[in-house]
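Per-entry structural report
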Amino acid sequence: METKPVITCLKTLLIVYSFVFWITGAILLAVGVWGKLMLGPYISLIADNSTNAPYVLIGTGTVIIVFGLFGCFATCRGSPWMLKLYAMFLSLVFLAELVAGISGFVFRHEIKGTFHRTYTDAVLNYNAEDEASRAVDNLQHKLRCCGVYNYTSWFGSVYYPSNGIPASCCFNSSDCNPEDLRNATIAPNKVYHQGCYELVTSFMETNMAIIAGVTFGIAFSQLIGMLLACCLSRIITANQYEMV
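The following paragraphs examine the structure supplied in this document. (Residues numbered from 1 in each chain as written. Predicted model: local features only at pLDDT ≥ 70, side-chain atom pairs only at ≥ 80, totals over all residues. Heavy atoms only, no water.)

**Considering the environment of Asn 189**
Considering the arrangement of structural elements, one finds Asn 189 in the loop between helix 8 (178–181) and helix 9 (196–239). Its relative accessible area of 58% is what places Asn 189 among the exposed residues. Spatially, the C-alpha atom of Asn 189 lies 9.5 Å from that of Phe 171, the residues being 18 residues apart in sequence. (Helix = DSSP H or I, 4+ residues; strand = E, 2+ residues; numbered from the N terminus. Buried < 20%, exposed > 50% of the residue type's maximum accessible area, 1.4 Å probe, protein only.)

Shown next, in the form of structure tokens:
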């Protein structure tokens, strides 16, 4: 009977943890769906080929939701083998998140290089119609930037000879006409001078520590769940306690 309060306390903590774990899965699922629907064009600018990142988030979120519910069920049921299986799953999630966080930090320069290459290609082959071109327009308009390093990046594009610099570079759309954008002397006075590459990469560098900290924090939080599940399973097994 002395172990019942301990078991009750561990169960309560594990249920609360599993609920929070379930919420993180729901957030990952929502971010994955949002990324697929809203960030598809932007993702194409930072990857050489079509990336499966949104689908990975959707799949990971779904699996976490399922195992979060499984963790709550295993805790309420008081089944040692279910708790061990739950702890094993948490350990796999911990390792996956740890590897993902370390890889993102170590290969951040490769990510920047890939973005530079794909964004440069998108600018040079811009036609104002395809998905990559629309992504370039949205990026330039929202970040208030122009070209890769500056507006001169557009001088080498296939779009410039007949159309000039895209209107998405204009800081005042009402005072920006096609004739001015084709004029190399007038256009610089009507478009942003800040390059998009510098803005994006500086944001990555500034927030890399925050992103890494959040990633590792979430990863190591799995250790709490693993510890709770293992302790509860061991105590229940040792005292032959069963929940009816």
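Having seen the structure, we can now continue with the description.
**A few points about helix 6 (residues 131–143)**
With 13 residues, helix 6 ought to run about 18 Å at 1.5 Å a step, and its terminal C-alpha atoms sit 18 Å apart, in line with that. Those residues of helix 6 not exposed but buried are Ser 133, Ala 135, Val 136, Asp 137, Leu 139 and Gln 140. At the C-terminal side of helix 6, Arg 144 shows a positive phi close to 55°. (Expected span 1.5 Å × (residues − 1).)

**Observations concerning the state of the cysteines**
Following the criterion strictly, the structure yields three disulfides and no others. Sulfur-sulfur distance for the disulfide between Cys 146 and Cys 169 comes to 2.1 Å. On the sign convention where negative means left-handed, the S-S torsion of about 90° between Cys 146 and Cys 169 marks this disulfide as right-handed. Of this pair, Cys 146 sits in the loop between helix 6 and helix 7 (160–163) while Cys 169 sits in the loop between helix 7 and helix 8, and the two are 23 residues apart along the sequence. We note that Cys 146, like Cys 169, is buried. Disulfide pairing is shown between Cys 170 and Cys 176; the S-S distance is 1.9 Å. On the sign convention where negative means left-handed, the S-S torsion of about -70° between Cys 170 and Cys 176 marks this disulfide as left-handed. When sorted by exposure, Cys 170 lands in the same class as Cys 176, which is buried. (Disulfide = S-S within 2.5 Å.)

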